[in-house]
Structure formats: structure tokens, C-alpha cells
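# Descriptive analysis of the structure
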Amino acid sequence: MLTWWCLSLLTIVSCELQEHESLDAQLEANTMFPEWFLSLVQNLFTYGLVIVPGALAIRWIKQSNYIEKINPGGWQYKLILSCVHGKQDLVDVEDLDKGAEGSQNKSERSGDAKKLIICVVGLQCSYLMWGYLQEKIMTSTYGDLKFKDSQFLVFMNRILALCMVSAYINMVKQPTHKTPLYKYSFSSFSNIMSSWCQYEALKYVSFPTQVICKASKTLAVILMGKVVSRKKFPAYEYVCAALIFVGVSVFLLWNPQETEKNYTKETTFSGLVILIGYIVFDSFTSNWQGELYSTYKMSSYQCMLGTNIFSSLFTGVSLLMEGMLFSNLLLCLSHPQLAYDVLGMSIFSMTGQFFIFYCIETFGPVVFTIIMACRQVLSIIVSCFMFGHPLTAQSFLGALIVFIAIFLRIYAKQRSSRASK
């Protein structure tokens, strides 16, 4: 009986998916907008169903001083304090002691070769496999199916990371959390949008092109830092950003892979527009999280937890509203290889996040940046080898200019910090 019910449900879902694909095709044929734009509008509408009521509720709570009208010992008071107001006035003495111990042992930790090897191997394996599976899922065919739902991949990555970081925080003591929870929603929204752009772009441009364009986000980070935090940047930041822009331009202008039969001029243009969206959203995410770190002094894992809570909420509600959550889950059950690839990509994404925080806390951002720059080079090599993307001498020159600029920026930043000390 159970088997019959499962087969019936799978048949219904497959029919609905075929109907959904045909409706999408008809809608795209009858409009002047590409498929990715219609999907973006639909996602933003469903996110708004969560964001707008939440923003109105927070505004009313603040303007009415509702927290002063309720019992300080009740659950409502604690909930509103954590979500809306935060605990900025609390000072945890143990956190200060922990910070002092951390500064004393920092040099000892940074000299541990075994930990450095673990970071290098962990980051390279996690993100090389994540990049490979990401490109495979978005470009391969599973039986007669080509998977298209980028938002479902974002949801799976975030929900698994949420479960693992929650378990980690319950096992390892963290500093007192003082950040109003709603403030994570800003970086969460930009984070899921950057991830969506990243997956969606692979429908229109190749993975090497995506990696090179992602490496060019330095200029966007500088501009966003001026807007969000009013930061001032040294001259070498602008020089390196200009070099990266030149390198990306050379790579794209003389790259033959975007003129292959799978990539028309229209799809390549769509891919570049989506990648620009990725760069803008990702630049905002890092600057907003940096502002939260400097203001509230929370740990990296607390930030990871808060961001993934809202990311799972936004994408989960959106998938439910669009009727695609259970359809995609059953789709994975009916195509085991797709399920393995999605699960593997989510696992490698989650382990990569943990290695990022561990590397930055142990060795600092300079070492981490060098490791990730090497990872970008290896990702392009793996993608070209596994998926047969061609690279001409001119496109190779463009990629070389980009990575030289990245390493020059690392060197100049390290030299500047030493001079200031």
C-alpha cells in the first residue's frame, strides 16, 4: 500500500513538473524577458512576503517601546530583546579573558605547521569538490532531466550548515551574543541572492569565466565599503582593482568558450548581468558582516548561525510558496545521482565554511586569502579538465593578470600592516 502511494505521488509530481516546465516555456516565449529574470522576480516577491511583515513588526515594536510594557521575566520580553533590541549593554568578563588568551597564543597557533596543512587541504578539497559538483548539477543531464532550480540548491546548502553550526555552538562555548537577530537578515538576503546568482550564471557562462569574474569583485568591495562603512582605502587597493579589471576584460574579450554552440551572445550577456549581481550582493555581505563584527564582537560561528537562520527561512518559505520544495525533494528521490550530487555539494559547502572560520581565527586573513587565490587557479584547471573548456593564450594572459594582481594586493597589504606595527 505504501509502495503504491509513493509511486502514485511520484507520478503526480512528475506530471506537475512537466506542466510547470511547459508553462515556463510558454511564459518565456510570450514575454520579452529571459527565464532567469522571471525566476528572480518570483523569488523576490516571495521573499517580500517574509521581509515586509517582519520589517513592519520591528518598526512598530521600536516606535511603541513595546518592550517596556511587558513583564521583564516573560518569554515575550526575552524574545523581543534577542530579536529586536539585542544585548549591547552586556559585558562578558569571560569573553575578555578568552580574547586575552587568544592574543597570547596567536603566535604559537600560527606557527603550527600541522594546522596549516589541515587548513590548506580542507579548503582546497572542500571548494574544489563544491565547484565541480556545482557545475555538474547546473550543466549536466540526469536521465532526461536538466536541473534548473538554483534556489533549491541554496536552501539545501543553508539548512545543512544551520544544523551543523547549531550543533557546534551547543558543544563549544561562545561569547555572550549581543547582536539583534534581525540585523542578520540584511547579510542573509544578500548572501542568498549572491548564491542564487552564482548557480544561475552557470546556465549562461562557463565555470572558468565565473571564477575570473568573481575574482574581480575587489573594486565592488571597495565601493561598497565606502557606502556601508565609510571606509578609506590605500592607493594600492585601487591599483590592484584596476589591474583585476584589465585582466577580466582581456579574459572575456579573447575567450572562445562563450562563443561555443552552448553559449549564444544573448545567453552570455545574461550570464554577465547575473555575475554583476553576484559581485554587488557578495560585496555587501562581507561589508555588512564586518560592520556587525566590529560593533557587537560576536564569534564567526554565531554570525554563521544567524545568517543561516534567515537564509533557510527566506528560501524555505519561497520554495513552499512556489510549490517547488517537495517537488524538488521527490525529484531527487526519483533521480538518485542528482540526490547524491546535491547532498555532496551541500556537505562540501558546509565543511568549507567551517574551514574558512578556522583558518581566519588561527592564521589570519592574509594566509586565508593566499589559500583561496590558489584555490581559484586550481578550480579553473579542474573545470577545464573535467568539462573540456578551452583556454587561448590571450585568455590565459587575462587570468594571469588577475591572479598577479591578487597576490600583489596580498603582499602590499601585509607590508603595510608590518610598517604600521
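Shown above is the structure to which this text applies.
Read on for a plain summary of the structure. (Residues numbered from 1 in each chain as written. Predicted model: local features only at pLDDT ≥ 70, side-chain atom pairs only at ≥ 80, totals over all residues. Heavy atoms only, no water.)

### Topic: unusual backbone geometry
The general pattern is negative phi for most residues beyond glycine and trans for most peptide bonds. Let me state the cut-off plainly: Runs of H or I in DSSP of at least four residues are treated as helices and runs of E of at least two as strands, each being numbered from the N terminus.
Despite not being glycine, N65 has its phi angle at roughly 50 degrees, a positive value. Position of N65 relative to the elements: it lies in the loop between α2 (35-63) and α3 (75-85). Here K297, not a glycine, exhibits a phi torsion of approximately 55 degrees, which is positive. Summarising the element assignment, K297 is placed in the loop between α11 (265-296) and α12 (300-322).

### A look at the pattern of salt bridges
Our working definition: Any carboxyl oxygen of Asp or Glu within 4 Å of a side-chain nitrogen of Lys or Arg constitutes a salt bridge here. Exposed residues in this analysis have more than 50% of their type's maximum accessible area, buried residues have under 20%, and partly exposed residues fall in between, with area computed by a 1.4 Å probe over protein chains only.
Applying the stated criterion across every chain, the model contains two salt bridges. With a closest N to O distance of 3.3 Å, K136 and D341 form a salt bridge. Of this pair, K136 sits in helix α5 (residues 113-139) while D341 is found in helix α14 (residues 336-363), placing the two residues 205 residues apart along the sequence. Looking at K136, the relative accessible area reads 19%, which means it is buried. Note that K203 and E200 form a salt bridge whose closest N and O atoms lie 3.0 Å from each other. You can call K203 partly exposed: its relative accessible area is 22%.

### A closer look at the packing of α2 against α12
What counts here: Angles here are taken between N-to-C directions and fall from 0 to 180 degrees, while the axes themselves are lines fitted to C-alpha atoms, restricted in helices to the stretch in contact. With the far helix as reference, a near helix turned anticlockwise by less than a right angle produces a left-handed crossing, and one turned clockwise produces a right-handed crossing. We call two residues in contact whenever any of their non-hydrogen atoms come within 4.5 Å of each other. Each residue receives one of three labels: charged for Asp, Glu, Lys and Arg, nonpolar for Ala, Val, Leu, Ile, Met, Phe, Trp, Tyr, Cys and Pro, and polar for the others, Gly being one of them.
Following both chains from N to C, one finds α2 and α12 inclined at 115 degrees, their axes separated by 9 Å at the closest point. In this structure, the crossing between α2 and α12 has a hand that is right-handed. Every residue of α12 that contacts α2 at Q42, N43, T46, Y47, L49, V50 and I51 is listed here: L313, F314, T315, V317, S318, M321 and E322. The class makeup of the residues in the contact of α2 with α12 is eight nonpolar, five polar and one charged.

### Section: the packing of aromatic side chains
To describe a pair of aromatic rings, one takes the distance between the centres and the angle between the planes. The condition is simple: Each pair of aromatic rings taken from Phe, Tyr and Trp, with Trp reduced to its six-membered ring, is defined by centres within 6.5 Å and is described as stacked if the planes are under 30 degrees apart, edge-to-face if over 60, and tilted in the remaining cases.
This model, assessed by the stated rule, comprises 14 aromatic pairs. On the numbers, 6.0 Å between centres and 90 degrees between planes, the contact of W36 with F37 is edge-to-face. By relative accessible area, which is 10% here, W36 ends up buried. The interplanar angle of 20 degrees and the centroid separation of 5.7 Å between the aromatic rings of F284 and W288 together place this pair among those described as stacked. With F284 and W288 both in helix α11 and four residues apart, the pair spans about one turn of that helix.

### Observations regarding the environment of Y182
Rules: In protein, a polar contact requires one atom able to donate a hydrogen and another able to accept it; more generally it is a pair of N or O atoms within 3.5 Å, and residues adjacent in sequence count only if both atoms are side-chain atoms.
Among the secondary structure elements, Y182 is positioned in the loop between α6 (150-171) and α7 (184-201). Along the primary structure Y182 and T307 are separated by 125 residues, whereas in three dimensions their C-alpha atoms are 9.6 Å apart. Setting aside its immediate chain neighbours within four residues, Y182 contacts I58, K62, C83, V84 and F310. A polar contact is formed between the side chain of Y182 and the side chain of K62, at a distance of 2.6 Å.

### Regarding the side chain of R158
Applicable threshold: In this tally, Lys and Arg are treated as positive and Asp and Glu as negative; His is ignored, and so are the chain termini.
Topologically, R158 is positioned in helix α6. Salt bridges are absent for the buried R158, whose nearest opposite-charge side chain, D282, sits at 8.0 Å. One polar contact links R158 to N191, side chain to side chain, over a distance of 2.9 Å. In contact with R158, not counting residues within four places along its chain, are N191, S195, N308, S311 and S312.

### Things to note about the nonpolar core
Worth spelling out the cut-off: Here, the term nonpolar core denotes a set of buried Ala, Val, Leu, Ile, Met, Phe, Trp, Tyr and Cys residues that are joined through side-chain atoms within 4.5 Å.
Counting residues in hydrophobic clusters, the biggest one holds 65 residues, and the most contacted among them are I137, F152, L153 and L338. Sequence-distant contacts of L153, defined by excluding residues within four places in its chain, comprise I137, M138, F147, Y199, V342 and M345. The next biggest cluster of nonpolar side chains, apart from the first, holds eight residues, and it includes A161, I169, Y301 and F357.

### Brief notes about the side chain of T315
Here T315 is to be found in helix α12. At 2.7 Å, the side chain of T315 forms a polar contact with the backbone oxygen of S311. Setting aside anything within four residues of it in sequence, one finds T315 in contact with Y47, Q151, V154, F155 and I192.

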